[in-house]
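Chain and residue survey
Listed here are the chains, written in short residue letters.
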Amino acid sequence: MPPTSPLPTRLPAFRLLVLGSVLGLLVLILGPAQSPAAAAHGSSATGSPSASAAKTTGSSPTAAPGNTGTPGEDSEASQGPAGTTIVYGIPGLTINDIDPVRTPNLYQLLSEGSAANLNVRTIGSATCPGSGWLSMGAGARAQAGPPTDGEQDGNRATCPPLSAPSTSDGAVEKTRDDVDDAAQSGAEAQGSSDEDLADSSADGTSTATIEDFESIKEPNVDSGYSVDYGMLARLIREQGRSCVAAEGPGAAYAVADENGIVANYTDDAAAADCRLDLVDLGAIGSSAWLYDPIPDYSYTVPVSFDREERVAEADERLGDKLEEVRNSATSGSEEPTIMVAGLGDSSSLPQLRAFIASGPGYEPGSLSSASTRTPGLLQLTDIAPGILDQFGVSSPSGISFDNTPTDDAPQERIDDLVSESQKATSIYQHLSTFSLFLDITFYLLFVLCGVLLSRNLLSRRGGATIAPRVHRFLAWVSLAVATLPMSAFLAGLFPWARLPHPGFGLSVSIAVSAALLFGASLLPPWGRTWRGRVAALSLLSFLILSADLITGSHLQGNSLLGYNPIVGGRYYGLGNQGAAIFIVSLFIFLGLAISWLRAKGHRRMVFILPLVLGLLAVFVSGNPSWGAKFGGTIATLASLLVLLALVSRVRLSIFRLMLIGLASLAVLLGIAFLDWLREPGARSHFGNFFDQIVTGEALQVVGRKLGANLHIMQINPALAIVTPLAVIAILFFLRYLLHFPSISPTSRAGRLANKWRGRLPQVFRDQDVHFGFLAAVTGMAVGLVLTDSGIAVPSTGAMVLLPYLLALSAEHATEDVGVKSVAGEKADRA
């Protein structure tokens with residue numbers, strides 16, 4: 001940073017400016033933060049679970065008020081839904097599998113009820129059936145072990161077998177004895193909570209145990225996730241909402257408590273006297289993904305695998321079960337609520353699966369939840385809270401199902417959901433290719449900077465003639481490259497997923513979006529200068545991202561640089577790579593705009609513009625209903641305060657930088673606290689993070705996120721290398737090395753740095769442009785430390801920042817690079 005002298009007379013004004021900014025930010029954010037989380041698409045997310053259930057189910061008898069009584073109260077309020085709720089699990093099932101001819105039962109349920117794509121991500125990239133059932137019952141991500149034996153002859157499977165529960169009295173007693181022994185030895189905080197299950201099992205069921213359940217739970221010990229095994233069944237039982245019957249090994253995984261004890265296990269859930277039935281109908285999968293864990297059971301996969309045949313078989317089993325339900329219904333009984341869920345993947349390629357809910361309260365339409373805030377999209381971990389909400393039982397997450405009715409024909413609804421699922425799959429498959437393309441593009445720019453701007457090369461080739469052409473060539477290429485990251489978001493405006501070849505459609509959509517952005521930056525009057533072009537492109541990028549966040553972050557989702565519903569890291573708000581582009585574009589534009597305003601004599605606007613636009617950016621990023629980006633909001637606010645200080649000519653010491661960081665963190669923690677005060681189902685990432693601090697899970701979560709950063713570096717080292725290369729570019733191409741006190745122009749490092757004759761230092765002779773650059777770098781540095789998978793922030797930001805700066809370098813392309821330039825550089829150093 002060029003040396004500047006401190007101006008003590010401006011310091012009090014700056015402090016007042018900072019204080020006013022912080023207070024104004026609090027007033028702006030905290031008001032909307034009290035609204036329902038993203039309004040949950042019109043749902044009353046801030047209401048109690050019972051109120052949310054009433055909204056979801058309308059006036060149907062399945063809606064029940066929240067329980068306030070004690071277990072065992074014989075009252076209508078304590079009985080949960082008036083009719084039985086039955087959940088049929090078919091791991092591997094997708095919406096695309098549903099067909100009126102091949103799967104008539106599934107098609108009928110979807111026609112009469114609501115449907116959604118289901119994210120089934122647990123801990124690994126793909127979800128085995130056991131993991132899906134275990135996660136569904138716990139309402140949290142969990143993985144079922146034990147791992148398969150890779151040395152087993154002929155075993156090509158990647159999924160562990162499901163352990164069939166044992167109903168023998170000896171096995172159950174042995175499990176309880178083991179629990180008692182562990183409790184007495186202090187290994188367990190308490191014994192089994194189900195010691196009286198044998199005496200309380202419903203008619204037609206019995207108590208069972210899953211042997212060696214500890215090995216099944218083992219993968220979750222150090223996963224970073226807290227798993228409450230059998231949460232769904234336990235809360236329904238404890239709140240006096242009858243019982244949960246489990247049919248099949250997968251259902252047993254969902255019902256089993258932490259000791260592997262399964263209450264109300266049965267071979268015929270329809271005959272059981274329980275209000276909630278979980279039925280395992282087997283999985284749809286290839287022999288390379290599943291193998292025969294239980295002889296003659298539905299998980300048996302033939303050697304010659306035909307997916308359509310397996311889907312049809314699953315539909316037949318579903319039809320048989322539905323017929324049993326109808327036959328076992330008593331005269332005058334309420335209509336049951338039927339749910340079908342694809343609780344897992346059918347191959348090692350993860351995809352969105354199917355979820356259907358039919359019965360009282362589920363009108364034909366789409367389902368969503370407050371966790372996804374996306375119509376037609378649910379998480380696997382939403383199912384248990386949604387069922388509890390339907391029963392009038394409060395869950396830890398407070399999630400409920402939001403039914404959006406529609407008049408569309410069943411096939412239209414299927415086509416829409418299939419299109420969204422296909423979009424997610426295509427993005428998932430092409431993500432690494434696009435990321436590698438951006439990495440290679442960045443590397444080429446890096447090499448071009450080093451080779452084409454080298455003094456020795458230019459001097460041998462007639463630098464005075466070649467240099468301007470080199471700079472202009474680099475500028476045009478860089479301006480085109482700078483449009484690529486934003487074009488990955490704008491591609492979401494095109495219906496490319498409905499084309500016969502979605503991958504080709506995605507490529508064309510990105511190319512068209514990049515061309516539109518490039519053309520917009522060349523329009524007059526701003527398109528006449530390089531500063532105007534960069535300013536137009538950076539402002540356009542910032543405004544597009546802001547508008548998208550305000551309107552529901554539709555471009556962020558299913559984007560090559562956003563987030564993917566298959567991965568399920570987040571479903572709304574500002575992603576890491578979007579935050580990087582958001583921050584860099586904002587502050588590069590502000591640097592150029594402040595320079596233009598100062599040159600025009602608009603002294604007040606020099607401070608008003610960054611304050612207004614910066615607070616708007618912090619508001620958009622930090623609003624829990626819009627950006628909901630905790631680390632990105634701190635990064636934006638810290639960058640804004642740094643820019644205001646630099647523009648005010650306040651020297652930034654280490655102490656003042658620490659104060660800026662602490663003030664930014666304090667503001668965001670205050671917002672997180674107020675968001676935490678809302679109902680669990682209405683909280684955003686801010687409130688959830690504060691809840692993790694309160695419950696002591698924050699360190700565990702931070703550890704998991706640090707592990708995610710390391711994992712990104714391992715699986716995508718090309719992305720991780722971008723950041724150090726960007727640092728090298730700044731130090732050498734901008735010749736910042738020569739500003740270090742210990743490095744002189746005559747030293748070895750100085751001579752090395754001086755071999756590059758880049759024009760970027762001339763750009764930074766304009767201090768306002770330089771200040772914008774420093775603010776952008778500050779935001780990337782803070783984002784690296786505070787955001788999830790933070791390595792993506794500086795890496796993506798560098799892919800935008802370097803092209804912007806190379807384009808700006810063309811402003812000085814016509815300057816001589818001969819003897820006069822060399823003499824000028826020596827004079828500058830002197």
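Residues numbered from 1 in each chain as written. Predicted model: local features only at pLDDT ≥ 70, side-chain atom pairs only at ≥ 80, totals over all residues. Heavy atoms only, no water.

All right, on to helix H17 (residues 576-599) then. Taking 1.5 Å as the rise per residue, H17 with 24 residues should run 34 Å; its terminal C-alpha atoms sit 35 Å apart, in good agreement. For H17, a buried count of 21 out of 24 residues is recorded, marking the element as mostly surrounded by other parts of the structure. Positive backbone phi, approximately 85 degrees, marks Gly601, located one or two places after H17. (Helix = DSSP H or I, 4+ residues; strand = E, 2+ residues; numbered from the N terminus. Expected span 1.5 Å × (residues − 1). Buried < 20%, exposed > 50% of the residue type's maximum accessible area, 1.4 Å probe, protein only.)

Two faces, one strand: in a regular strand the side chains alternate between the faces of the sheet. Across the six residues of strand S5 (residues 261-266), six count as buried, placing the element largely inside the fold. Here strand S3 (residues 206-209) pairs with S5 via three bridges, running antiparallel. Residue pairing across strands places Ala208 opposite Val262, the latter belonging to S5. Strand direction decides the pairing type here: strand S4 (residues 244-247) and S5, joined by two bridges, are parallel. (Pairing = 2+ DSSP bridges.)

Our focus in this paragraph is the packing of helix H15 (residues 502-522) against helix H16 (residues 530-550). The N-to-C vectors of H15 and H16 enclose an angle of 130 degrees; their axes lie 8 Å apart at closest approach. Put simply, H15 runs oblique to H16. When the axes of H15 and H16 are compared, the crossing they make is right-handed. Each of Leu517, Ala520, Ser521 and Leu522 in H15 lies in contact with H16, whose residues at this interface are Arg533, Ala536, Leu537, Leu540 and Ile544. (Axes fitted to C-alpha atoms, helices over the stretch in contact; angles between N-to-C directions. Parallel < 35°, antiparallel > 145°, perpendicular 65-115°, else oblique. Left-handed = near helix turned anticlockwise from the far one by under 90°. Contact = heavy atoms within 4.5 Å.)

Moving on: the pairing of strand S6 (residues 276-280). Of all five residues in S6, five are buried; the element is thus mostly enclosed. Here S6 shows no split at all, with Leu276, Leu278 and Asp280 on one side and Asp277 and Val279 on the other all buried. One ladder, built from five bridges, connects strand S1 (residues 85-89) with S6; its direction is parallel. Paired with Gly89 across the strands is Asp280, a residue of S6. Across four bridges, S4 lies against S6 in parallel orientation. Residue pairing in the sheet places Ala246 in a bridge with Leu278 of S6.

Just distances and angles here, no functional claims.
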